[in-house]
Amino acid sequence: MAKLKVALYWAASCGGCEIATLQIGEKILKLAEAADIVFWPVAVDVKYADVGKMPDKSIDACLFNGAIRTSENEHIAKLLRAKSKLMIAYGSCAYEGCIPGLANFYNRQMIFNRAYVETPSTDNPKKIYPQMRVKVPEGELEIPEFYDTVKTLAQTVDVDYFVPGCPPEEKSTWLALEALIEGKLPPKGTVISPSTKAVCDECPRKKEEKKIKKFYRPYEIIPEPEKCLLEQGLLCYGIATRGGCGALCPQANMPCTGCYGPVEGVIDQGAHFLSALSSIIDSNDPEEIQKIVNDIPDPAGTFYRYSLPASLLRRARIK
Amino acid sequence: MEEIRIGVYICQCGLNIAGVVNVEEVAKYAGTLPNVVVSRHYRYMCSDPGQDLIKKDIQELGLNRVVVAACSPKMHEPTFRKAVEDGGLNPYLYEHANIREHCSWVHDDKKLATNKAKDLVRAAVRRVYYHEPLVIKEAPLNPNVLVVGGGIAGMQAALDIANGQHKVYLVEKDPSIGGHMMQLDRTFPTLDCSECILTPKMSDVGRHPFIELLAYSEVEEVSGSIGNFKVKVRKKARHIDESKCIGCNVCEEKCPWKTDSEFEMGLAKRKAVYIPFAQAVPHLAVVDPNLCAYIKSDGKKCGACIKFCEAQAITPETLLKQTDQIIEFDVGTIIIATGYDQFDPSVIPHYGYGKYDNVLTGLQFERMTCAAGPTGGKILLKDGREPESVAIVHCVGSRDQNYHEYCSRVCCMYGLKYAHLIKELAKADVYEFYIDMRCFGEGYEEFYKRLSEEGVNFIRGKVAKITDEALSDEEKGKLIVVGEDTLLGKIVRVPVDMVILCSALEARSDAENLAKIFNINRRADGFFLERHIKLDPVATPTDGIFIAGCCEGPRDIPDTVAQAEATAAKALSLISKGTITTEAAISYVDETICSGCGICEALCPFQAIELQPRDGKRVSHVNEVACKGCGACSAACPSGAIAMHHFTNEQILAQVEALFS
Ligand SMILES: Cc1cc2nc3c(=O)[nH]c(=O)nc-3n(C[C@H](O)[C@H](O)[C@H](O)COP(=O)(O)OP(=O)(O)OC[C@H]3O[C@@H](n4cnc5c(N)ncnc54)[C@H](O)[C@@H]3O)c2cc1C
Ligand code: SF4
Ligand code: SF4
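Rules of the game
Residues numbered from 1 in each chain as written. Chains lettered and ligands numbered in written order. Predicted model: local features only at pLDDT ≥ 70, side-chain atom pairs only at ≥ 80, totals over all residues. Heavy atoms only, no water. Helix = DSSP H or I, 4+ residues; strand = E, 2+ residues; numbered from the N terminus. Rg over C-alpha atoms; globule rule 2.2 N^0.38 Å. Buried < 20%, exposed > 50% of the residue type's maximum accessible area, 1.4 Å probe, protein only. Phe/Tyr/Trp six-rings, centres within 6.5 Å; stacked < 30°, edge-to-face > 60°. Lys NZ or Arg CZ within 6 Å of the ring centre and 35° of its normal. Near = heavy atom within 4 Å. Nonpolar A, V, L, I, M, F, W, Y, C, P; charged D, E, K, R; others polar. Contact = heavy atoms within 4.5 Å. Buried area = accessible area lost by both parts, 1.4 Å probe. Salt bridge = Lys/Arg side-chain N within 4 Å of Asp/Glu carboxyl O. Polar contact = N/O pair within 3.5 Å; in protein donor to acceptor, adjacent residues only side chain to side chain. Pairing = 2+ DSSP bridges. Axes fitted to C-alpha atoms, helices over the stretch in contact; angles between N-to-C directions. Arc of directions from axis to C-beta. Left-handed = near helix turned anticlockwise from the far one by under 90°. Areas by Shrake-Rupley, 256 points an atom, 1.4 Å probe, with all protein chains shown as cover. Core = buried A, V, L, I, M, F, W, Y, C linked by side-chain atoms within 4.5 Å. Domains from an automatic or database assignment.

Some remarks on the overall build of chain A
Of regular secondary structure, chain A possesses 12 helices and nine strands. Computed over the C-alpha atoms, the radius of gyration of chain A is 22 Å, within 12% of the 20 Å expected from 2.2 N^0.38 for a compact globule of 319 residues. The dimensions of chain A, computed from C-alpha atoms along their principal axes, are 65 × 60 × 30 Å. Across the 319 residues in chain A, those meeting the buried criterion constitute 48%.

In structure tokens, the structure reads:
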């Protein structure tokens, strides 16, 4: 059988997904047996122009990580889409927008202001911002456009599969690769993860009645080792997050932060977490409720930490 | 899948809808919508011929979905579901569009209203496409009844049901049943003795084999729903041994600690251990732990009652160790009869209640004229003299923007009753200040007529203030009632010895809490809300819970008793049917998605959800009889694992999309 042709790309993301692909350990040998990597900027020296020359649909699958932040991200996403038979949004940034997507609470101007003027370590009295084009003696230089809004991969090009996680755990990665290698492809649009249920399903902690009188941040308490973290007042996102990760964080005493995205069938993860949480606040007194809720740090960033661009909200409206 | 064939019917509702909405145009438009086989408009869809249209079309045109655009679904959704069922379809293959309350009644612009009606119809048509047949099931109804409140209303309801040999739990918060009627002396308009007609009923209740009387108790929690309510009652500690107390009252005689008697409205004292009144049912002593020196000193002081109680019903044990008991039981229906509070007139400072000794409330005056009361039935001033003149002030706290806007309905009549009693017992002059004389009941107008001939001075007008500041010798040492005589058109000052304030009847101070416990609503005036003011006056919006007597608003004893009997009849009719039809639009769990997080379990107000073990993990399970379809679980489930029949995402989204397309 001819070897598969695989491309990997890194758009607006931290780079953790690149490392996560290597987490598959010795299975990488199986991958090497079955596939050739035709494009992977972080590891293989192939230029964009080389990709441009490849015939359309000549790549079997592209594992695309990162959100669409700049015109460059968009350009390469479209290019790779054209060249690849299967486009896989790999990791939370490509799938839902993730941390880069939190920038959608602001716009370009606000972000530039913060990054190039306001930060304490910046000295920029003339308020010089990055320009898309700049004339230098040698000619005109051009850098990609920085968009106002971060988009997910699927909001930019047609996507075949999604692998959730920030970054995806080894099991999820291998599930996707194995499907490719063995040609046992799930229906288009599938979110490839070992679980369709929420993290709670994999979490060994004991669950009893959920009633919350006070929310704590992880540094404020030492949680009991066997009891559900949410029941102890930690904002554990496990109830509203797709499992498949093996409930790693709660088992290490850290509340789930929601990186695997919504449970199968749910459209807006943040809204579901929010309505579930608000239903277990243990008070009927509006003032007390307000007090309890005030303990939630950075609510927008907490509920939409990984999913703002993919959510029903998509971004903040800035007037 | 079978072909979807939808019939659409636009109701004219006389001119209620057709006056604003062009029904013909809407019907024509509906006919152009996908899957609509027939669309008609008709004068009154809810009439028999209107319903027959639907049935005929189902049979002749093979409809399998029906939409009626008419009034509120609250009104006629059940009617058309029934028509659809009679036509041979499952009743849930029906959708209702409200083009009256939501459209014709609230808009004037005919064109826009017609467009809106089209939108609403289009949304309903799109939604009904996705409707699924649902199965309606029957479940047994627990024949036991809970009655809350042992006033005349609660007692009457309890007796009616118990006489039909069904078990009643009667919960009364005070140490004895009787309620306000027990405090009344003579009752208008017949002036028969309140006590004499009430005490036989009280002992019937106390002795009835089918009534379990839980006096000095309060309902703490109610869960479940019609047919199967679970009730938790706190039976407060009396600090005596109920099985031994013979009600001899020696303890009260010997107890040295006194406070104002609640029953005597502060006109007499009671002790730290007491029996509220001579005919109390149950006839048992009760210890006031806030007054009892033995309890307060943890057994170091007093203890008189312990020594004198021959029956050994009061012991150090009962005083120091007895605690409240929690009693739990199940019932199928609930009657609430918690009565009223008397409005506290001291909140109207210019009436001087609480400031002047001889300004009394109605209930205080009732105690005064009662032969068994604190003055032995004599009308006396604080200093022991008989009054030479008395003023009676109507509408204190009633019909007053600042307090209660409503009329308390009994004050005119009891005011007249007092005028008569004062004339008869004290031979004093009577000045009766009224705004309007409202004498609407049987024999009431005749009673008023009789009083007009007894030499009472009727002054039509609102009292501005009651003061002891004399402007003349004649006024010295008197209470001066200042008001406008609106018939003469002048300000009058009437010096009197005593003033009786006809205080309003108001909602119980704990009504809000009760409303929460029983999941019923209150009106703006604080009283409990009936399901329909005219057509369902003793039911509440919560199935299986009924209200009787003054907890629903002020009323006299005849109306209270009639209502109590009505609630009993309602409960008995449910009991005789024996089953309830369960809601079909309930929630269901997709076990392939449920992670067993448990959010839903604690949330369900009807305890319908249980997390059950499945392969070493847990999944949510819905009890189909208990679920009322409120949707709380579905909205909260963070996984979207619980959905509602008849409110699926598909159905709702189709409706919303159609509305905005
Ligand atoms: C001054 C005055 C004079 C009146 N004179 C007349 C008259 O002459 N003729 C006439 O027809 N009407 C008269 N009325 C009206 C009459 O008092 C009422 O119609 C009647 O008492 C209403 O009965 P009820 O059972 O609804 O309420 P209530 O008598 O108030 O009884 C309610 C009972 O429920 C109990 N209860 C309250 N809350 C709870 C709870 N949470 N749990 C358990 N138990 C609870 C109370 O302790 C009480 O025993 C008069 C009213 C007033 C104020
Ligand atoms: S809330 Fe949802 S996921 Fe959680 S136990 Fe209930 S049904 Fe299951
Ligand atoms: S819909 Fe859910 S919360 Fe409401 S009664 Fe049914 S199970 Fe309980």
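A word on the packing of aromatic side chains
Within this structure, the stated rule accounts for 22 aromatic pairs over all chains. When the ring of A:Tyr9 is compared with that of A:Phe64, the centres are 5.4 Å apart and the planes differ by 45 degrees; the resulting orientation is tilted. Placement of the pair is A:Tyr9 in strand β1 (residues 4-10) and A:Phe64 in strand β3 (residues 59-65), with a sequence separation of 55 residues. With respect to burial, A:Tyr9 and A:Phe64 carry one shared label: buried. An angle of 90 degrees between the planes, with centres 5.7 Å apart, marks the rings of B:Tyr448 and B:Phe458 as edge-to-face. In this pair, B:Tyr448 is assigned in helix α14 (residues 444-452) and B:Phe458 in strand β23 (residues 457-460), connecting sequence segments 10 residues apart. Among the residues examined, B:Phe458 registers a relative accessible area of 23% and is labelled partly exposed. An aromatic cluster of three or more residues is present, and its members are A:Tyr9, A:Phe39, A:Tyr48 and A:Phe64. Its guanidinium or amino end placed over the ring of B:Tyr274, B:Arg270 lies 4.0 Å from that ring's centre, counting from NZ or CZ.

Structural notes on the site of ligand 2
Taken together, 14 residues lie near ligand 2, and B:Cys594, B:Cys597, B:Gly598, B:Cys600 and B:Cys637 sit nearest. When grouped by side-chain class, the residues that make up the shell around ligand 2 number nine nonpolar, five polar and no charged.

Here's the deal with the interface of chain A and chain B
Facing the 20 residues of chain A at the interface are 19 residues of chain B. With both chains or domains summed, chain A and chain B bury close to 1600 Å², and 55% of this area falls on carbon and sulfur atoms. Joining chain A to chain B, the criterion identifies one salt bridge. Joining chain A to chain B, the criterion identifies seven residue pairs in polar contact (both at pLDDT 80 or more). Of the residues assigned to the side of chain A that touches chain B, the class counts are nine nonpolar, four polar and seven charged.

As for the sheet that holds strand β21 (residues 389-396) of chain B
Strands belonging to one sheet form pairs held by backbone hydrogen bonds; the direction of such a pair is parallel or antiparallel. All names here are of chain B. In spatial order, the strands read β20-β27-β21-β22-β23; together these five strands make up an open sheet with parallel pairing. The sheet terminates laterally at β20 (359-361) and β23, the two strands that pair on one side only. On average, each strand axis in the sheet is inclined to that of its neighbour by 20 degrees, with strand direction left out of account. With four bridges joining them, strand β22 (residues 429-434) and β23 adopt parallel strand pairing. Following the sheet pairing, Glu432 is matched in β23 by Phe458.

Some points on helix α15 (residues 511-518) of chain B
All names here are of chain B. What α15 keeps buried is the set Ala511, Leu514, Ala515, Ile517 and Phe518. For α15, the angular spread of the buried residues around the axis is 160 degrees, confining them to a single face. Considering only its buried residues, α15 is in contact with β6 (145-148), β11 (217-225), β18 (333-336), β28 (505-507) and β29 (545-547). With its phi angle positive at about 60 degrees, Asn519 sits one or two positions after the end of α15.

Considerations on the sheet that holds strand β5 (residues 84-90) of chain A
All names here are of chain A. Ordered by their spatial adjacency, five strands build an open sheet running β2-β1-β3-β5-β9, and the pairing between neighbours is parallel. The open sheet has two edge strands, β2 (35-39) and β9 (161-163), and neither has a second partner. Put simply, the sheet's adjacent strands are angled 30 degrees from each other on average, direction ignored. With five bridges joining them, β3 and β5 adopt parallel strand pairing. From the neighbouring strand, Ala61 faces β5, where its bridge partner is Leu86. Seen against the sheet, helix α4 (residues 71-83) touches β1, β2, β3 and β5 and runs at an angle of roughly 135 degrees to β5.

Side note on the packing of helix α1 (residues 23-31) of chain B against helix α5 (residues 110-129) of chain B
All names here are of chain B. Close contact between α1 and α5 brings their axes to 10 Å; oriented N to C, the two are set at 35 degrees. Note that α1 runs across α5; the crossing there is right-handed. Facing α1, whose interface residues are Glu25, Val26, Tyr29 and Ala30, α5 presents Thr114, Ala117, Lys118, Val121 and Arg122. Looking at the contact of α1 with α5 residue by residue, the class counts come to five nonpolar, one polar and three charged.

Focus: the environment of B:His350
Mapped onto the secondary structure, B:His350 falls in the loop between β19 (340-342) and β20. For B:His350 and B:Ala464, which are 114 residues apart along the polypeptide, the C-alpha to C-alpha distance reads 7.5 Å.

Focus on the site of ligand 1
Residues and elements named next belong to chain B. Around ligand 1, the surrounding shell holds 38 residues, and the nearest of these are Glu172, His180, Lys417, Arg555 and Ile557. Contact between ligand 1 and Ile152: an oxygen atom at 3.2 Å from a main-chain N or O atom of the residue. Between Cys550 and ligand 1, the recorded distance is 2.9 Å, taken from a backbone N or O atom to an oxygen atom. Here ligand 1 loses 99% of its free accessible area of 1000 Å² to cover by the protein chains. Elements with a contribution of two residues or more to the shell around ligand 1: α6 (152-163), β8 (186-187), α12 (362-369), α13 (411-425) and α16 (557-577). The residue inventory of the shell around ligand 1, partitioned by class, reads 17 nonpolar, 11 polar and 10 charged.

Describing the nonpolar core
All names here are of chain B. By size, the foremost hydrophobic cluster in this structure holds 59 residues, and its most contacted members are Met202, Ile211, Val273, Leu319 and Ile335. Contributions of two or more residues to this core are made by β6, α6, β7 (168-171), α7 (194-207), α9 (293-296) and α16. Among the elements that make up this core, the one with the highest residue count is α6 (eight residues). Ile335 has contacts with Val145, Leu146, Val147, Val148, Ala157, Ile161, Phe546, Ala548, Thr567, Ala568 and Ala571, leaving out every residue within four places of it along the chain.

Some words on the side chain of A:Ser307
Assignment of secondary structure puts A:Ser307 in the segment after α12 (299-303). With sequence-adjacent residues up to four places away left out, A:Ser307 is seen in contact with A:Glu96, A:Gln269 and A:Gly270.

Examining the domain arrangement of chain A
Residues and elements named next belong to chain A. Taken domain by domain, chain A holds domain 1 (4-99 + 150-182), domain 2 (107-147) and domain 3 (199-303). Between the C-alpha centres of domain 1 and domain 3 there is a distance of 31 Å. Counting residues at the interface gives nine residues for domain 1 and nine residues for domain 3. For the domain 1 and domain 3 pair, buried surface summed over both sides reaches about 620 Å², with 51% attributable to carbon and sulfur atoms. Among the residues domain 1 hides against domain 3, the three largest losses belong to Glu96, Pro164 and Glu169. Together they make up 52% of the total. Taken together, domain 1 and domain 3 are joined by zero salt bridges. When the residues that make up the side of domain 1 that touches domain 3 are grouped by side-chain class, the tally is four nonpolar, three polar and two charged.

A closer look at the domain arrangement of chain B
One frequent convention defines the size of an interface as the accessible area lost when the parts assemble. Each assigned domain of chain B is listed here: domain 1 (6-128), domain 2 (250-321), domain 3 (341-506) and domain 4 (587-645). Domain 1 of chain B and domain 2 of chain B are separated by 68 Å when their C-alpha centres are compared.

Quick word on the pattern of salt bridges
By the definition in use, this model includes 66 salt bridges over all chains. Residues joined by salt bridges that share partners form a network here, namely A:Arg81, A:Asp158, A:Asp160 and A:Lys188.

Considering the environment of A:Lys3
Residues and elements named next belong to chain A. Residue position: Lys3 is located in the segment before β1. Overall, the relative accessible area of 39% leaves Lys3 in the partly exposed class. A C-alpha to C-alpha distance of 23 Å links Lys3 and Glu170, two positions 167 residues apart in sequence. Apart from the residues lying within four places of it in its own chain, the contact partners of Lys3 are Ala32, Glu33, Ala34, Ala35, Asp36 and Asp60. Among the polar contacts made by the side chain of Lys3, one reaches the main-chain carbonyl oxygen of Ala32 at a distance of 3.0 Å. A polar side-chain atom of Lys3 sits 3.3 Å from a polar atom in the side chain of Asp36.

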